[in-house]
Amino acid sequence: MTRELCIGVDLGGSNLRMALVDRQGSVLARSAEPTLPAAGLDSLLSRLLAGVGRLQGEATRIGARTVALAVGVPGLVCSDGVVRASVNVPGLEGVPLARELSLATGLPVAALNDANACAVGEKRYGAGRDYRSLIALTIGTGVGAGLILDGKLWTGADGAAGEFGHIPVEPEGRPCGCGSRGCLEQYASAGAIAGEGGDAAVVANRARLGDAAALAVFAEAGRYLGIAMAGVVNLLNLEAVIVCGGVARSFDLLAPALLRELDSRTFSVAGGRVRVEPGMLGDDAGVLGAAATAFETVL
Ligand SMILES: [Zn+2]
């Protein structure tokens, strides 16, 4: 039987990543390029399709067959595969992405939120493998999350669940792009850690050298993360919280304040049970989760 492969696409606000993946989660070929959202939807879709074509060609070259494709996008994706809102790639709004890509490629196509794709990736192939119920946080430019309950992705009644970054942590706090104020994202995203015109990785390096101001920035972000996390843990009694995204590289700097806050605000049964761990898949979480979702569409 011909070996069957899927293509996972991680369409982020900055990077467009694609991978040709087998059922065990091994990446056989990959590509990455800038998303360039300002270049417009037609440019984006034609570059996406060109990349898919190259990976399909690679599958043929190694004697395999591409059977499905899935795309993770930074926005609200309804269960019909239509992108309803995307702050970072606004050109995608209203686009029936799954149907358009399916027409263009002849493959079954699924579209899902990028944080959900990361959660599925970590659950299937990474740090979440041993857990049935978890939340995977993606802390980068924004703060997103994917929720897996009893082994299944929970996307809510309309596909809008998992907006961990918009849990209020300061009732009268900083205004947020979502229209509310005091959202976690305003205190614990890469942007919040970096400050005006800064870079979160630079702040992390300073913290590792013992800079007190930089350490305080991570302690504050960790504290706010712990406050929001305690609410979720008390509500859902999860087995694990997996921390993914660029800021996960600074997990060690966030963890002390985060765990202290979590411990002080949770009931002992739920708080004692939950494991808080960094993700294992790094930048591959999104493409691997998309590929796992693609395999499910052809089951
Ligand atoms: Zn918000």
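Along each chain, numbering runs from 1 in the same order as the chain's sequence is written. Selection of residues for local features in this predicted model requires a pLDDT of at least 70, selection of side-chain atom pairs for listing and counting requires 80 or more, and totals for whole chains, interfaces and linings are taken over all residues. To get the side-chain values, all heavy atoms of the structure are used, and hydrogens and water are removed first.

Here is the rule we go by: UniProt positions are given in the numbering used here, feature names are shortened, and annotations may be inferred rather than shown by experiment.
For the chain, the name recorded in an unreviewed UniProt entry is ROK family protein, with Geomonas subterranea as its organism. Regarding the chain, the relevant UniProt record gives this comment under Sequence similarities (unreviewed entry): "Belongs to the ROK (NagC/XylR) family."

## A look at the coordination of the zinc ion
Rule in force here: Coordination partners: N, O, S within 2.8 Å of the metal, 3.2 Å for Na, K and Ca; water not considered, so apparent gaps in a site are possible. Four donors are marked tetrahedral only if all angles between them lie between 85 and 135 degrees, whereas four are marked square planar and six octahedral if opposite donors are more than 155 degrees apart and the other angles lie between 65 and 115; the remainder are marked irregular. Only protein chains enter the accessibility calculation, which uses a 1.4 Å probe; a residue whose area is less than 20% of its type maximum is buried, one above 50% is exposed, and one in between is partly exposed.
Distances from the zinc ion to its protein donors, namely His166 (ND1), Cys176 (SG), Cys178 (SG) and Cys183 (SG), fall within the range 2.0 to 2.3 Å. For the zinc ion, the four donor atoms in the first shell make angles of 105 to 117° at the metal, so the coordination geometry reads as tetrahedral. Sequence positions of the residues that donate to the zinc ion give the spacing H-x9-C-x1-C-x4-C. You can call Cys176 buried: its relative accessible area is 10%. Here Cys178 falls in the partly exposed class, since its relative accessible area comes to 44%.

## Focus: the sheet that holds strand S8 (residues 134-139)
What links the strands of a sheet is backbone hydrogen bonding, and the strands pair in either a parallel or an antiparallel sense. We count it as follows: Two strands pair under a simple rule: DSSP has to find at least two bridges between them. A run of H or I in DSSP counts as a helix once it spans at least four residues, and a run of E counts as a strand once it spans at least two, with each numbered from the N terminus. Helix axes use the C-alpha atoms of the stretch in contact, all axes being lines fitted to C-alpha atoms, and the angles between their N-to-C directions lie in the range 0 to 180 degrees. Whether two residues are in contact is decided by their heavy atoms, any of which lying within 4.5 Å being enough.
Strand order across the open sheet formed by five strands is S10-S9-S8-S11-S12, with mixed pairing between neighbours. Taken across any chain shown, the strands that pair with only one partner, and hence form the sheet edges, are strand S10 (152-154) and strand S12 (275-278). Across this sheet, the average inter-strand angle for adjacent strands is 25°, counted without regard to direction. Across five bridges, S8 lies against strand S11 (residues 240-244) in parallel orientation. Bridged to Leu134 within S11 is Ala240. In the packing of helix H3 (residues 114-125) onto the sheet, contacts are made with S8, strand S9 (143-149), S10 and S11, and the angle to S9 comes to roughly 50°.

## Thoughts on the sheet that holds strand S4 (residues 64-73)
Spatially, the five strands line up as an open sheet ordered S3-S2-S1-S4-S7, and their pairing is mixed. The open sheet has two edge strands, strand S3 (27-34) and strand S7 (109-113), and neither has a second partner. On average, adjacent strands in this sheet sit at an angle of 20° to one another, irrespective of strand direction. Here five bridges tie S4 to S7, and the two strands are oriented parallel to one another. Residue pairing in the sheet places Val73 in a bridge with Asn113 of S7. On top of the sheet, helix H1 (residues 41-61) reaches strand S1 (3-11), strand S2 (15-21), S3 and S4; it is set at about 20° to S2, its chief contact. Against the sheet, helix H2 (residues 97-105) engages S4 and S7, with an angle of about 150° to S7.

## Side note on the domain arrangement of the chain
Quick reminder of the rule: Residue ranges labeled as domains rest on an automatic or database domain assignment. Values labelled buried area give the accessible surface lost by two parts on being combined, using a 1.4 Å probe and summing over both. By salt bridge we mean one thing: a side-chain nitrogen of Lys or Arg within 4 Å of a carboxyl oxygen of Asp or Glu. Side-chain atoms alone can form a polar contact between residues adjacent in sequence; in general such a contact is a pair of N or O atoms within 3.5 Å, and within protein one must be able to donate a hydrogen while the other accepts it.
Assigned domains within the chain: domain 1 (3-118 + 284-297) and domain 2 (127-280). On a C-alpha basis, the centroid separation for the pair domain 1 and domain 2 is 26 Å. Counting from both sides, the interface comprises six residues of domain 1 and, opposite them, 10 residues of domain 2. Around 680 Å² of area is buried between domain 1 and domain 2 when both sides are counted, 58% of it from carbon and sulfur atoms. The interface formed by domain 1 and domain 2 holds zero salt bridges in total. Inspection of the domain 1/domain 2 interface yields zero residue pairs in polar contact (both at pLDDT 80 or more).

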